[in-house]
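Report on the structure
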Amino acid sequence: MRIWFDSLESREKILIVFASIFVIITSTYMLILAPMMKERDSLNKSISDWESSIIEISHLKQLDVQSQLTINNQNKPEQSLVVIVDISLRKYNLYQSLQRSLPNGNDNIRVELQEASFNDLILWIEELDSMYNLKVISANFSESSSEEYGFVNTSLTLEY
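All of the points below concern the structure found in this document. None of the values given here were measured: they were computed from a predicted structure.

Analysis parameters
Residues numbered from 1 in each chain as written. Predicted model: local features only at pLDDT ≥ 70, side-chain atom pairs only at ≥ 80, totals over all residues. Heavy atoms only, no water. Helix = DSSP H or I, 4+ residues; strand = E, 2+ residues; numbered from the N terminus. Buried < 20%, exposed > 50% of the residue type's maximum accessible area, 1.4 Å probe, protein only. Lys, Arg positive; Asp, Glu negative; His and termini not counted. Salt bridge = Lys/Arg side-chain N within 4 Å of Asp/Glu carboxyl O. Contact = heavy atoms within 4.5 Å. Axes fitted to C-alpha atoms, helices over the stretch in contact; angles between N-to-C directions. Parallel < 35°, antiparallel > 145°, perpendicular 65-115°, else oblique. Left-handed = near helix turned anticlockwise from the far one by under 90°. Nonpolar A, V, L, I, M, F, W, Y, C, P; charged D, E, K, R; others polar. Pairing = 2+ DSSP bridges.

This next bit is on the side chain of D86. Its place among the elements puts D86 in helix 3 (residues 81-91). As a buried residue without a salt bridge, D86 has its nearest oppositely charged side chain in R90, at a separation of 5.2 Å. Excluding residues within four positions of it along the chain, D86 makes contact with Y95 and L98.

Have a look at this one:
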């Protein structure tokens, strides 16, 4: 190879040296630098997407906290817990199952039901949560003594 290169004229040697340098630079760029730059751009885009997602989530979290405060203030009705429980039990045909409703202060009530329809009971609890912001803080369920399936005895403690 060296003999062949020495046999070339000087302008051919210069042309081959420049062409070789050009091929080396182009190959280095295409095989090493371009993929690295593409990966860097992809990572930068991913980071910016994550940053915007975090900003959006923090904004949504603030909105959620504000809406929860508003809901808590709006959903604390003027009626007493006993009245709310009685009205809502009648709506779900559970009033006949009511054995006792015992208020514990202004924000807490214990409700005991016997032979209540489990499906109606779950719908009633969901309404208490969504309409009145009453949460179940304790619940005890037992199988009803009736011959029919789907009926339970329960003791619930509800709280604002």
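Continuing now.
Next up on the list: the packing of helix 3 against helix 4 (residues 118-132). For any two helices packed against each other, one specifies the crossing angle of their axes together with the interaxial distance. Relative to each other, helix 3 and helix 4 sit at 130°, their axes nearing to 10 Å. Considering their axes alone, helix 3 and helix 4 lie oblique with respect to each other. For the crossing formed where helix 3 meets helix 4, the hand is right-handed. Here I84, V85, S88, L89 and K91 of helix 3 lie close against helix 4, whose contacting residues are W124, E127, L128 and Y132. Looking at the contact of helix 3 with helix 4 residue by residue, the classes come out as six nonpolar, one polar and two charged.

Of all nine residues in strand 4 (residues 151-159), seven are buried, a share of seventy percent or more. Across eight bridges, strand 2 (residues 108-117) lies against strand 4 in antiparallel orientation. Within the sheet, the bridge partner assigned to I109 lies in strand 4 and is L158.

Here we take up the environment of L94. Looking at the secondary structure, you find L94 in the loop between helix 3 and strand 1 (98-103). In this structure L94 comes out as buried when scored by relative accessible area, which is 1%. For L94, the contacting residues outside a window of four places in its chain are L89, L113, A116, S117, D120, L121 and W124.

Any functional reading would require information that these geometric values do not contain.
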